[in-house]
Structures are given as C-alpha cells and as structure tokens.
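Listed below, chain by chain, are the residues.
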Amino acid sequence: TSAKRRRHSMMLASRSLSHSRATTSVLSRRCGACRSLALKSGEWIDGDLGYDTKLVHSGVKPDPVTGAILTPIYQSTTYIQESVDKYLEKGFSYARTNNPTVTALENKIAELESGAGASCFGTGMAATISVISGMMNTGDHCVITNCSYGGTNRACRTMFTDMGMSFDFIDFTDVKNIEAHIKPNTKLIFSETPANPTLTLTDLPAVSALAKSRGLIHVCDSTFATPVIQKPIELGVDLVIQSTTKYYDGHNITVGGAVIAATKELHERIKHMQNVHGNIMSPQNAFYTLQTAKTMGLRVKQQCENAQAVAEFLEGHPKVDVVRYPGLESFPQRELAVRQHKAGLHGGMLWFEVKGGTAAGRALMDSIQRPWSLCENLGAIESICTCPAVMTHANMLSEDRLKVGITDGFVRLSCGIESKEDLIASLKQSLDALP
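Attention in this report is confined to the structure presented alongside it. (Residues numbered from 1 in each chain as written. Predicted model: local features only at pLDDT ≥ 70, side-chain atom pairs only at ≥ 80, totals over all residues. Heavy atoms only, no water.)

## Examining the packing of aromatic side chains
Formally: Working definition: a ring pair exists when centres of Phe, Tyr or Trp rings (six-membered ring for Trp) sit within 6.5 Å. Plane angles under 30 degrees give stacked, over 60 give edge-to-face, the rest tilted.
Going through the model one piece at a time under the given rule, you end up with 5 aromatic pairs. A connected cluster of aromatic rings, assembled from ring pairs, spans F160, F167 and F169.

Below, the structure is given as structure tokens:
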C-alpha cells in the first residue's frame, strides 16, 4: 500500500511538471511572438553602430517613393513649392543652393567626420577658397603651413594677397613657431597634416588649443589622412577640408571637395559662401561619391598595408637615399604619428629620393612600369607615381619648394590596392637599372 501511494504521488508530480513545462512553452512562444511583432523590418538595431557600418549607411535612406536602396540623382534646377507660405518647407528651392543628392553626401560626410555639418564643393580648391573667403577679410592675417597642396599655396600667395590679406608660410612642426607668428590681425591658422607631399605632421590638439586661447579659427586640410586615420574635429579643429577627389572617391572618377564644421554657426557661414560662390558639387558627382565612400575603410586599410611594405622595401634598397613614411620607425615625427593616427594606420602616401640626385630621380620616374602609373592625383585604388616639382607643386615658387625639401628629383608615391609584391617588383626593377 505504501508503495502504491509513492507511485501515485510520483505520477501526480510528473503530470504537474509536464503541465508546467507545457505552460512555459506556450508562454515562451507567445512572448517570442510578441518580441517578433515589436521588431520591424527597415528599422535600425539599438545601440551605436560600428564605423564600417556608418561608412556604408550614413546619410542614406531608402527612397520613400520607390524603396530604392541608393539615393537617386536629383538632376533638377528648381523645386516646386506648395505655397508662398510654405516656401522651403521641404528644404529645396534652387540647385545652386541645395540639392537632395548633394545634401545626402553632406550629411554622410558630417557624420563620418564628427562634424556639426558639411558642405560639398565642385573641387577641393573650391572648398579651400570658400574657407578663406568666409573666415578672412581685407587686412586680416593667416598663419599657414609652408608645406601644403600647391594650389593652396598659390591661392594664398597670389589671389588673396591681391585682396589685401596677408599670409605667413611657416614650419608647422613646432607649435611655438606658430605662436610666434600670430599677430593682432591674425584670424586664421591653416594646417595640413600629413602635409602634401613631405608628410610632415601637425600636432592638432596643441595647435587647436593655441587657436582657442587666442580666439582664432583653426582649419586643417586632412585629405591625406581621411577620417579613417584621424578626425581633426575630435582633436579640437574648427574646420576640416577634404579633397573628396582623393580617398572619398578613391577610383579616379570625380573631382570634389568638402568642408566640415565643428559648430552650426561655422557650418552656416561656409554654406553661405558655397551659395554666393555658386560652387556646389554636381548631383552626379555626389552620387558617385556616395557609393565610393562606402568602401573607404577597406581601401584605406589596404593602401596603408601596401605603403608600409613599399616603404620598408625602399628603406633597405642601396640606391635609395631617403624615404619618408609615418609608419617607419625612422620617421622624424614617429611619436606624433603613433599618438595622432588611429589604429596604427599611417596612410597610403610616401616619398623618397634616390642617390644620384635629380637626374636619377627623373630616370626612375620615366622608367617605372605598371602597376604604377606616372600621373597626378592620389588616394585611388590604382597606384600612382608623381613628380611634384613638375606636376602638383609646380605653381609654388622654386625657392619655397626647395626650402621644404621638394627637389626636382622628389618621388611621391600613392599606393593603391594592388598586390604589394607587384608594386615592389616594379620599383626594384627601376631602382636596379639606375647607374
């Protein structure tokens, strides 16, 4: 009898456990269904997104009419208004001021650069001209790096000086030197880091702190670095210039520029200059750049890896006199490069000179074979070899070029994404052929 009672009790407990499990299973299915109903396709996951995700999706929304995953090219001069009272309610009126495709790219770049806003221009030089025009007036003074893109140097040295502005072109590797050149009428500090083509670096936090202590605007051309390697606004810079022709495009397709502002007020000032100059980027080029920018992170990492390998090869070749790349231990500003550049990335640009001077340097450039291409531009997936003295910096005064180390035999390399073994093989062939 006792055994029967125990078996009966165990049977009841088993039934109770089974019922409990069944109930839990039903509740679980119901709760899962509730969670599933709470999620909706097309909405974003919670939490901060990774930078590679932002590169792909920032500024871009599916087209509300068709669902197209890509922002359309809005090739339209004007935009119909619902009424006079509702003028500009949709944000667009005339193509010189704003365009939906361009605005999408501006929003993308602003987010990628950690800015309050971005303005996109027809060329990189248009971006530079708009910054100086917007920040300076007749009688104002600018302290500017003595090594920058040749077009920047020429615009300041000729056009803006003709308008009554003055510029001191100085060494930016020493913050005390910058401070020593600030005058009562100084309005702008203009840096470029890494500098084109010498790769000299500017300590952005230090220079930004100096600018703020004097009530000045600090603008930095960060084209060589891209936001993958450094974000100047996060380091205290007020305005950032990007030649989107370079790494944002990365495919030798377009020309363009962008100015990213740290504050809403500065952004509105640059947008005003964009409007009055009429130098807004075309919607077609904005569309291309919206697509190419998505792979910038992947491209830049590969370009950095190739540049490191090429630089190390050149440093060990007996025909090479000097090579400069921020990833090398021998780089003069190595400590700053490690501190300022993200994730151990130091860019796809490097330069070198060969023994034998100008004649040997030009002989190498005239003999270099594919996959290297002898031409202007940089930052593209194709590797490019450039002679700055003849090409990108020919518009600098000869004495100014030589002062910063840009000799007639100076070789600038922009590493693409080809196999590094092929890039090195081509260089070795040309170097070995030198007398």
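## Notes on the packing of helix α11 (residues 296-315) against helix α15 (residues 420-433)
Using the following cut-off: Interaxial angles span 0 to 180 degrees and are taken between N-to-C directions of axes, which are lines fitted to C-alpha atoms, for helices over the stretch in contact. Counting from the N terminus, the helices are DSSP H or I runs at least four residues long and the strands are E runs at least two residues long. To sort the angles, those under 35 degrees are grouped as roughly parallel, those over 145 as roughly antiparallel, those from 65 to 115 as roughly perpendicular, and the leftovers as oblique. Put simply, a crossing is left-handed when the front helix is turned counterclockwise from the back one by less than a right angle, and right-handed when it is turned clockwise. In this analysis, two residues are considered to be in contact whenever any of their non-hydrogen atoms come within 4.5 Å of each other.
Packing of α11 against α15 brings their axes to within 10 Å, and their N-to-C directions diverge by 30°. When the interaxial angle is binned, α11 and α15 end up roughly parallel. Here α11 and α15 pass one another in a crossing that is right-handed. Along the contact surface, α11 presents E305, N306, A309, V310, F313 and L314, while α15 presents K420, L423, I424, L427, K428 and L431.

## Observations regarding the packing of helix α4 (residues 124-135) against helix α9 (residues 264-277)
We apply this condition: The nonpolar class holds Ala, Val, Leu, Ile, Met, Phe, Trp, Tyr, Cys and Pro. Asp, Glu, Lys and Arg form the charged class, and all remaining residues, Gly among them, are polar.
In the contact formed by α4 and α9, the axes pass within 9 Å of each other and the chain directions differ by 115°. Looking at the two axes, α4 sits roughly perpendicular to α9. Taken as a pair, α4 and α9 cross one another with a handedness that is right-handed. The residues of α9 that touch α4, namely those facing I129, S130, V131, S133, G134 and M135, are L266, R269, I270, M273 and H277. Class assignment of the residues belonging to the contact of α4 with α9 gives a composition of 6 nonpolar, 4 polar and 1 charged.

## Brief notes about unusual backbone geometry
We count it as follows: In this scheme, a residue with accessible area under 20% of its type's maximum is buried, one over 50% is exposed, and one in between is partly exposed, where area comes from a 1.4 Å probe on protein chains only.
A cis amide bond links N196 to the next residue, P197, at an omega of 5°. As for its placement among the helices and strands, P197 is situated in the loop between β4 (186-192) and α7 (204-213). Here R370 and P371 are connected by a cis peptide whose omega angle stands at 20°. Here P371 is to be found in the loop between α13 (357-367) and β10 (373-374). One non-glycine residue, T226, lies in positive phi territory at about 65°. Counting through the fold element by element, T226 comes out in helix α8 (residues 226-229). What makes T226 buried here is its relative accessible area of 1%.

## Digging into the nonpolar core
Threshold: The set of buried Ala, Val, Leu, Ile, Met, Phe, Trp, Tyr and Cys residues whose side-chain atoms join them within 4.5 Å is what this entry labels a nonpolar core.
Membership of the largest hydrophobic core comes to 74 residues, with the highest contact counts inside it found for V310, L314, L350, F352, L413, L427 and L431. For F352, the residues in contact, after removing those within four places along its chain, are L314, V320, V322, V323, L364, G409, F410, V411, L413, L427 and L431. Among the nonpolar cores identified, the runner-up in size contains 25 residues, and A126, M135, V219 and V259 belong to it.

## Some remarks on the side chain of Q230
This is how it is decided: For this analysis, a polar contact is any N or O atom pair within 3.5 Å, provided that within protein one partner can donate a hydrogen and the other can accept it, and provided that sequence-adjacent residues contribute only side-chain to side-chain pairs.
Tracing the sequence through the fold places Q230 in the loop between α8 and β6 (239-242). At a separation of 2.9 Å, a polar atom in the side chain of Q230 contacts the main-chain carbonyl oxygen of T193. A distance of 3.1 Å separates polar atoms of two side chains, one belonging to Q230 and the other to S222.

## A look at the pairing of strand β7 (residues 257-261)
For the record, the criterion: When DSSP finds two or more bridges between a pair of strands, those strands are recorded as paired.
Judged by how many residues are buried, β7 sits mostly within the fold: 5 of 5 residues are covered. For strand β1 (residues 117-121) and β7, the ladder comprises 5 bridges, and the chain directions are antiparallel. In the strand pairing of β7, G117 is matched with A261. Where β6 meets β7, 4 bridges bridge the pair, whose relative direction is antiparallel. Along β7, the bridge assignment pairs Q242 with A258.

## Here we look at α9
The test is simple: Here a helix's expected span is defined as the number of its residues, less one, multiplied by 1.5 Å. What the arc covers is the set of directions going from the helix axis to the C-beta atoms.
Taking 1.5 Å of rise per residue, 14 residues should cover 20 Å, and α9 covers 20 Å from first to last C-alpha, within 8% of that figure. Burial in α9 covers these residues: L266, H267, I270, K271, M273 and Q274. Looking straight down α9, one finds its buried side chains confined to an arc of 155°; they lie on one side. Turned more than 90 degrees away from the buried face of α9, the exposed residues are K264, E265 and V276. Structurally, α9 contributes buried residues whose contacts are with α3 (100-112), β1, α4, β5 (217-221), β6 and β7. Where α9 ends, the next residue or the one after it, G278, has phi of about 65°, a positive value.

## Considerations on the state of the cysteines
Stated formally: Here, two cysteine sulfur atoms that lie within 2.5 Å of each other are counted as a disulfide.
This model, assessed by the stated rule, comprises 0 disulfides. No disulfide involves C120; its sulfur sits 17 Å from that of C220, the nearest cysteine.

## Focus on the side chain of T186
With respect to the element layout, T186 can be found in strand β4. The exposure class assigned to T186 is buried, which follows from its relative accessible area of 3%. There is a polar contact of 2.6 Å between the side chain of T186 and the side chain of H141. Here K183 takes part through its backbone nitrogen, which lies 2.7 Å from a polar atom of the side chain of T186. Residues contacting T186, with those up to four places away along its chain left out, are H141, V143, H181 and L216.

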